[in-house]
Structures are given as C-alpha cells and as structure tokens.
Amino acid sequence: MILLEMFFRFFFVGMFSVGGGLATLPFLTSMGEATGWFTQADISNMVAISESTPGPLGINMATYIGYQIGSQHSELFGFLGTLIAPLGVVTPSVIVILIVSRILMKFRNSKYVEYAFYGLRAASIGLISSACLGVAKIAFINSEIAFSTENLLSFFDYKSIILSILIFIGVTKLKKIHPIVFILLAAVAGIIFKM
Amino acid sequence: MKTLFKLFVTFARIGGFTFGGGYAMLPMLQKEVVEKQKWATQEELMDYYAIGQCTPGVIAVNTATFVGTKIKGIPGAISATLGVITPSIVIVGIIAAFISNFQDLEVVQWAFAGIRAAVVALILSSIIKLAKKSVVDIATLILFIVITLLSFFTDFSPVIFVISAGICGLVINLSKAKMSKEENNK
C-alpha cells in the first residue's frame, strides 16, 4: 500500500516540477512535511549525495529518498523504494513528451513553428551558458574567502582553472576522444593534486 | 530489438557519466546521439532542450524520451528513459543502503572538484558548437546574451525565457517576411 502511495506521490512531484531536477526540491520538502516519511536532514543528505554521484539530479534525489522511505519498513521495501520513486518521477515526463513529440512531428513543416524555434534555440543556448557559469562559479571560486587583492591566489581555485583550461584545449584539439575520458582523467587529477 | 537495446545502452552510458544535472549531459549527447549514432541533429537536440525546459520533469529524461520516440516510437522512448535512469538507481541505491558518509569522504570531494573543472570545459566546448548553428544574426545574438545574463543573475523560471524567446522569434520572422513582401510589391 505504502509503495503504491509512494508511486503516486512521486508521480505528482514529476508532474509539477518544471525546469529540471532541482525544481523537484520544494515538492519533495512539502512531501516530507505532509507524510512524515523523511526529515529536513534527510533532504540535505539527499542533495549532497545527488550532487556527488553521476546521473540526472532529479533521479538521484528520488532514488535516495525512495530508499529512506522504504527501508523504515524493511530492507526489501528499501530496495523497492529505489525503483518506485524514480519510476514515479519519470512517468509524467514520458507521457507528456510522447504527446508533445507527436504534435511536433505533425507541425514540423509549419513556418510558424520554424519561426518560433529560431528564437527558442538561442534561448536554449542562453540557459545552458548560464548553467555553465553556475558550475564555473562553484569550481573556480572559493566562496569561504572574501575577495581582496592580497589573497587572489586563494580566492580563485587556480588548480581547477588550470585543469579546466587544459581539458578545454584537449577537447578542442582531440575531437575523437570521448568526453568520458576527460571526466575520468579530471577525477584522477583531482585526487592526485588534492583539489 | 537490437535498436531498443542500443538505445538503452547508449542512454545508460550517458546517464552514468552525467555529473551535475541535465545540462552536463550535453557533451555526452552530442558525442553519442549526434556524432556516433546520428539519431538527431544538433538543431534537434537544442529543440529538445528548449521544450524539456517547459515541460514537467527531469530534463535528461525529457531528452531521452524525445530521442527514443523519434527512433523507435513508444518502446524506444521507454528504453531510452530506463537507460538514462538505471545507473542512478544502481549507484545511489548502493550508496543509500551501505555508505552513510559517502559525500564526506575526502577522496570523493577531491575527485568531484576535478570533475567540476572538466564539466565547465566540456559544456563550454558544446556551447561553442551549438552557437555556430543557432546564433546566426544580431537578433539571436542579443537573445542569447540577454537570456544568459538574466538566467544567471535572477531567479525567473526558465519557462518564462523559453516562451518569450519563442514569441520573439515568431515576431521577428513575421515582420521580416512582411517587409520582404512589401519590397516585392513596390
């Protein structure tokens, strides 16, 4: 019964959070308050773990919380929770996109759709650039230190900046190499140089 | 059956190496979906991203569903979606069950500092590739710069940016079409 309720509650989270994984956060918080299934501390652990593991944020968060809810009953329910919560979150997306892509295929040759996409694509790159700036801010700036001319070297994380420049040169020059290779190399470099 | 399996495996590889949310998937999507498998063009990928911003749910899943349904209909959409979420479920499930202080381990923090630096470089190179196709004139350049800054410095929902950019595109092109029509009539 709890598993079914879980599926539907996560289904609603997926249905109402527009704009990516982090948009599910307020809905998960209010789910915790409404059901008592998990605490605010669980939520901050959830965010920390989701950001330190590969995969889409929204899915990582649902999987983690799904385990916390289920495991209060039994280990088996904990395991089932890791399946049911993420499946609940993705179901509305899949349904909506299936409908949207049908509509899109029908009107693909309409000039009005083409006109709108001319603007949409520029917006899409703008949003991606802003996300890139967000990651750069976390990666390159040491937020615990106030900016001043004397501590420039500790304010900017120079190791990360150098690594980033090297990788950028690598991707631009060596087009055949898969992004996975660069990500793995960067993880190793991070451990060796204690970044 | 073979295509469905390929969709699952390709999207599992993408999901397993996406660090830092849906946007960080972009370099992987370009490599796997556009360059290797040729399942979609750069332009289509961007359309999926723009629509994924305005529809409910996780962007990575929205994009996987789009590509899957284009290649193999509803079964394709389901394969690609299950692929992109499987690594998360396995990895986060194991960590939730067995490792209580994973995110506090020093090694993990060091590795992720390195990965973040790589993600910035990889996304930047993807942005340059995409911009060549979509930032084609003054109007799109202005839209691109304004939306980058507004979205970075304010808390407006991405939905607002996508919808207003769509309207701008429509208005600009309609007035262009009208002007060239008047030119012809003279």
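Predicted model, so just to flag it, every value in this text is computed and none were measured. (Residues numbered from 1 in each chain as written. Chains lettered and ligands numbered in written order. Predicted model: local features only at pLDDT ≥ 70, side-chain atom pairs only at ≥ 80, totals over all residues. Heavy atoms only, no water.)

Structural notes on helix H6 (residues 111-140) of chain A
All names here are of chain A. For H6, with 30 residues, the first-to-last C-alpha span of 43 Å sits near the 44 Å given by 1.5 Å per residue. Maximum bend of H6: about 25°, positioned at Tyr 118. Taken across its 30 residues, H6 has 21 buried, putting it largely inside the fold. With a side-chain oxygen lying 3.1 Å from the backbone nitrogen of Tyr 112, the N-terminal cap of H6 falls on Ser 110. (Helix = DSSP H or I, 4+ residues; strand = E, 2+ residues; numbered from the N terminus. Expected span 1.5 Å × (residues − 1). Bend = angle between axes of the 7 residues up to and from the residue. Buried < 20%, exposed > 50% of the residue type's maximum accessible area, 1.4 Å probe, protein only. Polar contact = N/O pair within 3.5 Å; in protein donor to acceptor, adjacent residues only side chain to side chain.)

Considering the nonpolar core
Of all hydrophobic cores here, the largest spans 107 residues; its most connected members are Phe 10 of chain A together with Phe 11 of chain B. Ranked by residues supplied to this core, first place goes to helix H5 (residues 106-134) of chain B with 15 residues. In this structure, Phe 10 of chain A is in contact with Leu 28, Met 31, Ala 62, Ile 65, Ile 69, Ala 85, Gly 88 and Val 89 of chain A, ignoring residues within four places of it in sequence. (Core = buried A, V, L, I, M, F, W, Y, C linked by side-chain atoms within 4.5 Å. Contact = heavy atoms within 4.5 Å.)

A look at the interface of chain A and chain B
Between chain A and chain B, the residue contacts involve 88 residues of the former and 98 residues of the latter. In this assembly, chain A packs against chain B so that about 8,100 Å² is buried in total across both faces, 79% of it on carbon and sulfur atoms. The tally of links from chain A across to chain B stands at one salt bridge. Measuring nitrogen to oxygen at the nearest pair gives 2.6 Å for the salt bridge that ties Asp 47 of chain B to Arg 121 of chain A. The interface formed by chain A and chain B holds 13 residue pairs in polar contact (both at pLDDT 80 or more) in total. Contributing elements (two or more residues each) for the side of chain A that touches chain B: helix H1 (2-16), helix H3 (40-51), helix H4 (57-71), helix H5 (75-106), H6, helix H8 (158-173) and helix H9 (179-192) of chain A. (Buried area = accessible area lost by both parts, 1.4 Å probe. Salt bridge = Lys/Arg side-chain N within 4 Å of Asp/Glu carboxyl O.)

Regarding the domain arrangement of chain A
Accessible area lost during the coming together of the parts is what is often quoted as the interface size. Per the domain assignment, the segments making up chain A are domain 1 (2-105), domain 2 (110-138) and domain 3 (141-195). Computed over C-alpha atoms, the centres of domain 1 of chain A and domain 3 of chain A are 32 Å apart. (Domains from an automatic or database assignment.)

Description of the environment of Ile 163 of chain B
Considering the arrangement of structural elements, one finds Ile 163 of chain B in helix H7 (residues 158-185). Separated by 112 residues in the primary sequence, Ile 163 of chain B and Ile 51 of chain B have C-alpha atoms spaced 9.6 Å apart.

Observations regarding the domain arrangement of chain B
Residue and element names in this part refer to chain B. Looking at chain B, the domain boundaries give domain 1 (2-132) and domain 2 (135-186). Computed from C-alpha coordinates alone, the two centres of domain 1 and domain 2 are separated by 28 Å. With five residues of domain 1 at the contact, the number on the domain 2 side is five residues. Taking both partners together, domain 1 and domain 2 bury about 450 Å²; carbon and sulfur atoms supply 70% of that area. The interface formed by domain 1 and domain 2 holds zero salt bridges in total. Run the count over domain 1 and domain 2 and you get one residue pair in polar contact (both at pLDDT 80 or more). Listing elements by their share of the side of domain 1 that touches domain 2, those giving two or more residues are helix H3 (42-54) and H5. By residue number, the principal contributor to the side of domain 1 that touches domain 2 is H3, which donates three residues. The residue inventory of the side of domain 1 that touches domain 2, partitioned by class, reads three nonpolar, one polar and one charged. (Nonpolar A, V, L, I, M, F, W, Y, C, P; charged D, E, K, R; others polar.)

Brief notes about the packing of aromatic side chains
Tallied over the full model, the rule gives nine aromatic pairs over all chains. Each ring, one from Phe 11 of chain A and one from Phe 12 of chain A, has its centre 6.1 Å from the other, and the planes form 85°; the classification is edge-to-face. Centroid distance Phe 19 of chain B to Phe 112 of chain B: 5.5 Å. Interplanar angle 65°. Geometry classified as edge-to-face. Placement of the pair is Phe 19 of chain B in the loop between helix H1 (2-16) and helix H2 (26-36) and Phe 112 of chain B in helix H5, with a sequence separation of 93 residues. With a relative accessible area of 12%, Phe 112 of chain B lands in the buried category. Taken together, Phe 7, Phe 8, Phe 11, Phe 12 and Phe 16 of chain A form an aromatic cluster joined through their ring pairs. Here the basic side chain of Arg 9 of chain A rests over the ring of Trp 37 of chain A, its NZ or CZ set 5.8 Å away from the ring centre. (Phe/Tyr/Trp six-rings, centres within 6.5 Å; stacked < 30°, edge-to-face > 60°. Lys NZ or Arg CZ within 6 Å of the ring centre and 35° of its normal.)

Thoughts on unusual backbone geometry
The phi torsion at Lys 194 of chain A lies on the positive side, around 45°, for a residue other than glycine. Topologically, Lys 194 of chain A is positioned in the segment after H9. One non-glycine residue, Lys 38 of chain B, lies in positive phi territory at about 55°. Counting through the fold element by element, Lys 38 of chain B comes out in the loop between H2 and H3. Assessed through its relative accessible area of 65%, Lys 38 of chain B is described here as exposed.

Section: the environment of Ala 131 of chain B
All names here are of chain B. With respect to the helices, strands and loops of the structure, Ala 131 is situated in helix H5. Using a relative accessible area of 19% as the deciding quantity, one classes Ala 131 as buried. Placed 129 residues apart in sequence, Ala 131 and Lys 2 show a C-alpha to C-alpha distance of 34 Å.

Examining the pattern of salt bridges
In total, this model carries nine salt bridges over all chains according to the counting rule given. Ionic pairing is found between Glu 5 of chain A and Arg 9 of chain A, a salt bridge with its closest N-O pair at 3.1 Å. In this pair, Glu 5 of chain A and Arg 9 of chain A are both assigned in helix H1, four residues apart and thus about one turn of the helix distant. You can call Arg 9 of chain A partly exposed: its relative accessible area is 31%. A salt bridge links Glu 35 of chain B to Lys 31 of chain B, with the shortest nitrogen-to-oxygen separation between them at 3.7 Å. One end of the pair is Glu 35 of chain B and the other is Lys 31 of chain B, both in helix H2 and four residues apart, which spans about a single turn. Among the charged side chains, a network of salt bridges with common partners joins Glu 114 and Arg 121 of chain A together with Asp 47 of chain B.

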